[in-house]
Amino acid sequence: MDKKKITVAVTGLNAVDNPGPGVPVIRALKESDYFDVRIIGFSYESLEPGIYMHDIVDKTYQIPYPSAGTDSLLQRLEYIQEQEHIEVLIPNFDAELYSFMKIEDSMKKLGINMFLPTFEQFEERHKVNLTAFGKKYGIKVPYDRAIFSTSEIFGLTADFTYPVVVKGKYYDASIAYNPEQVLTYFNKISSKWGLPIIIQQFVYGSEYNVIALGDGKGNTVGAVPMRKQFITDKGKAWAGIAIDEQDLLKTTRELIAKTKWRGGMELEMMKTQDNEYYLIEINPRIPAWVYLAVGAGQNLPEALVKLAIGDEVKPYTEFKVGKMFIRYSWDMIVDLGEFEHISTYGEL
Amino acid sequence: MKIKKNIALSDTGFIFNPSTGESFSVNPIGGEMLKMLKDGKDKDAIRDAILEKYQTDDATFERDYYDFVNILNHYHLTEIDG
């Protein structure tokens, strides 16, 4: 059977120490038996490594930061679409999702399809709303509260027992053992990601994550649980293993069924000594460790592209338990001319 | 005391718990004991097998057996760890 030719745009080409999911998403699509993909990379910075990986990214265009507003983003996409024939875009950053969701209809008119969560899904799973989310869907979540000012820090002891986790709206989380540390992290994280800052009760245990894809009708297209085996100082998995944890899979399927989740997601769970799971966070996108799911037998990026263009998708029912991923860094040698080109023209 | 059904034990003494992703290594005698436990043998049967094969006594076996079982419990490899 001839593979279906398709052009897919992908963001998150920052394969750095806190990697974006772009490069593994592209690898998954390149290995598809169903699609013959041409990859268009969308970058924000000139030093995102994926820009220079010409064996997997066919062409890269810089796009404006979400803070520039959706008008300039759409303008840029219109220009790009005049050069390319992009059929699907997979955004891979939390911070950009809202912008893309806002212009989804306009993008569709340009012929660019996405498969994103709805506004309601995106908002209700937000870190700020996690307690209400847990209550609504019957999932245990650690007690948390959003704070907007440093003056609220010293009153936290009324509701929290140290240590607590200090979290940014989109990214960054640090464990604080006293109010002074909360103050430091509050200033550090809020200067980068704005307010509010979320204070979450620290849960002792082991961290487990699940990657999953919902079809928007309540069905789980695929799901693979993973346990982090090696964690960087930023809390990111540098090695992990696919595990057979039926409780986690059941929780994931139930959550997707109840929320009718649309698109990729990552559930971050903490398992306590008493074997209880607490939901720490839901990321409304494919995580950077997605290639483990592909290696374990579930090509979820391929399934997501099928969903985006309305092709039939057969749900994955199994995966290879015990498959591991071990991340590594790799120095590319790049000519100054290439850096100059992407920096000057915004494309390469 | 039973070893969880899904625990995998290889001939090299490598143990893998597919529910948690944890892996462990045991020495040859640990592997033998674990295999017997996994086969459903009780303490008396394991003692008989060990005393017959190795130069040890009942008291030493008793102590080492419970040490070993405690470690298995600690790492959630047994059915009774709750």
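Residues numbered from 1 in each chain as written. Chains lettered and ligands numbered in written order. Predicted model: local features only at pLDDT ≥ 70, side-chain atom pairs only at ≥ 80, totals over all residues.

**What about the overall build of chain B?**
Logical step 1: Along the backbone of chain B there are 3 helices and 3 strands.
Logical step 2: Its helices and strands taken in sequence order, chain B reads β-β-β-α-α-α from the N to the C terminus.
Logical step 3: Expected size for 82 residues packed as a compact globule is a radius of gyration near 12 Å; at 12 Å, chain B falls within 12% of this value.
Logical step 4: With the principal axes as the frame, chain B shows a C-alpha extent of 35 × 25 × 20 Å.
Logical step 5: Taking all 82 residues of chain B together, the buried fraction comes to 10%.
Logical step 6: Within chain B, residue pairs in contact and separated by at least 24 positions form 42% of the contacts whose partners lie at least 6 positions apart. (Helix = DSSP H or I, 4+ residues; strand = E, 2+ residues; numbered from the N terminus. Rg over C-alpha atoms; globule rule 2.2 N^0.38 Å. Buried ≥ 20, exposed ≤ 12 C-beta atoms within 10 Å, placed from the backbone. Contact = placed C-beta atoms within 7 Å.)

**With respect to the overall build of chain A**
Logical step 1: Looking only at helices and strands, chain A features 11 helices and 14 strands.
Logical step 2: Taking 20 Å as the expected radius of gyration for a compact globule of 348 residues, we find that chain A reaches 20 Å, a close match to that expectation.
Logical step 3: Per-residue burial for chain A yields a buried fraction of 44% across its 348 residues.

**Some thoughts on helix α3 (residues 58-74) of chain B**
Logical step 1: Its 17 residues give α3(B) an end-to-end C-alpha distance of 24 Å, which sits within 8% of 24 Å, the value for a rise of 1.5 Å per residue.
Logical step 2: H76(B) occupies a position one or two residues after α3(B) and carries a positive phi of about 55 degrees. (Expected span 1.5 Å × (residues − 1).)

**Here we look at the packing of helix α1 (residues 22-30) of chain A against helix α10 (residues 300-309) of chain A**
Residues and elements named next belong to chain A.
Logical step 1: Where α1 contacts α10, the two axes come as close as 8 Å, and the packing angle between them is 80 degrees. By the angle class used here, α1 and α10 are roughly perpendicular. In contact with V25, A28 and L29 of α1, α10 contributes P301, E302 and V305.
Logical step 2: Of the residues belonging to the contact of α1 with α10, the class tally is 5 nonpolar, no polar and 1 charged. (Axes fitted to C-alpha atoms, helices over the stretch in contact; angles between N-to-C directions. Parallel < 35°, antiparallel > 145°, perpendicular 65-115°, else oblique. Nonpolar A, V, L, I, M, F, W, Y, C, P; charged D, E, K, R; others polar.)

**Some details on the nonpolar core**
A general feature of soluble globular proteins is that nonpolar side chains tend to end up buried together.
Logical step 1: In terms of nonpolar packing, the biggest core is built from 84 residues, with V8(A), L29(A), I211(A), V224(A), V290(A), L292(A) and L304(A) touching the most fellow members.
Logical step 2: Listed in part, the 13 residues of the second largest apolar core include F160(A), A176(A), Y185(A) and F186(A). (Core = buried A, V, L, I, M, F, W, Y, C linked by C-beta atoms within 7 Å.)

**Re the sheet that holds strand β1 (residues 4-10) of chain A**
By way of backbone hydrogen bonds, the strands of a sheet pair with one another, either parallel or antiparallel.
Residues and elements named next belong to chain A.
Logical step 1: Here 4 strands make up an open sheet; going across it, the order is β3-β2-β1-β4 and the pairing parallel. Strands with a single pairing partner mark the edges of an open sheet, and in this sheet they are β3 (59-62) and β4 (88-90). Strand-to-strand twist of the sheet, defined as the mean angle between neighbouring strand axes without regard to direction, takes the value 30 degrees.
Logical step 2: Where α1 meets the sheet, its contacts fall on β1, β2 (35-43) and β4, and the angle it forms with β2 comes to roughly 165 degrees. (Pairing = 2+ DSSP bridges.)

**Some details on the interface of chain A and chain B**
By a widely used convention, the size of an interface equals the accessible area lost when the partners come together.
Logical step 1: The partner chain B presents 6 residues to the 8 residues of chain A that form the contact.
Logical step 2: Its residues assigned to classes, the side of chain A that touches chain B shows 3 nonpolar, 2 polar and 3 charged.

**Details of the environment of S99(A)**
Residues and elements named next belong to chain A.
Logical step 1: Relative to the helices and strands, S99 is located in helix α3 (residues 94-102).
Logical step 2: Once the C-alpha coordinates of S99 and P66 are considered, the two residues, 33 residues apart in sequence, prove to be 6.3 Å apart.
Logical step 3: The residues touching S99, leaving out its near neighbours within four places in the chain, are P66, T70 and L73.

**Comments concerning the sheet that holds strand β7 (residues 173-176) of chain A**
Residue and element names in this part refer to chain A.
Logical step 1: Across the sheet, which stays open at both edges, the 4 strands sit in the order β5-β8-β6-β7 with antiparallel pairing between neighbours. The sheet terminates laterally at β5 (144-147) and β7, the two strands that pair on one side only. The average angle at which neighbouring strand axes cross in this sheet is 25 degrees, direction not considered.
Logical step 2: Pairing of strand β6 (residues 164-167) with β7, which is carried by 4 bridges, proceeds in the antiparallel orientation. Bridging from a neighbouring strand, V165 pairs with I175 of β7.
Logical step 3: Sitting on the sheet, helix α7 (residues 179-193) touches β6, β7 and β8 (197-201), and the angle it makes with β6 is about 20 degrees.

**Digging into unusual backbone geometry**
Residues and elements named next belong to chain A.
Logical step 1: Cis peptide bonds are those with omega within 30 degrees of zero, and the linkage from Y162 to P163 qualifies with 5 degrees.
Logical step 2: Among the secondary structure elements, P163 is positioned in the loop between β5 and β6.
Logical step 3: For the peptide bond that leads from L195 to P196, omega is 0 degrees, which places it in the cis range.
Logical step 4: Checked against the element boundaries, P196 lands in the loop between α7 and β8.
Logical step 5: The backbone of N275 shows a phi angle near 65 degrees, a positive value even though the residue is not glycine.
Logical step 6: Structurally, the position occupied by N275 is in the loop between β12 (262-271) and β13 (277-283).

**Thoughts on the pairing of β12(A)**
A regular strand carries its side chains on alternate faces of the sheet.
Residues and elements named next belong to chain A.
Logical step 1: Burial analysis of β12 places 8 of its 10 residues in the buried class, the great majority of the element.
Logical step 2: Of the pairings in the sheet, the one linking strand β9 (residues 206-215) to β12 comprises 10 bridges and is antiparallel in character. In the strand pairing of β12, N209 is matched with E268.
Logical step 3: In sequence, β12 turns back onto β13 through a hairpin of 5 residues, with N275 there showing a positive phi of about 65 degrees.

**Brief notes about the confidence of the model for chain B**
Logical step 1: When the pLDDT values of chain B are averaged, the result is 92; 96% of them are 70 or greater.
Logical step 2: Of the two predicted TM-score estimates for the complex, the pTM is 0.89 and the ipTM is 0.78. (pLDDT = per-residue confidence, 0-100.)

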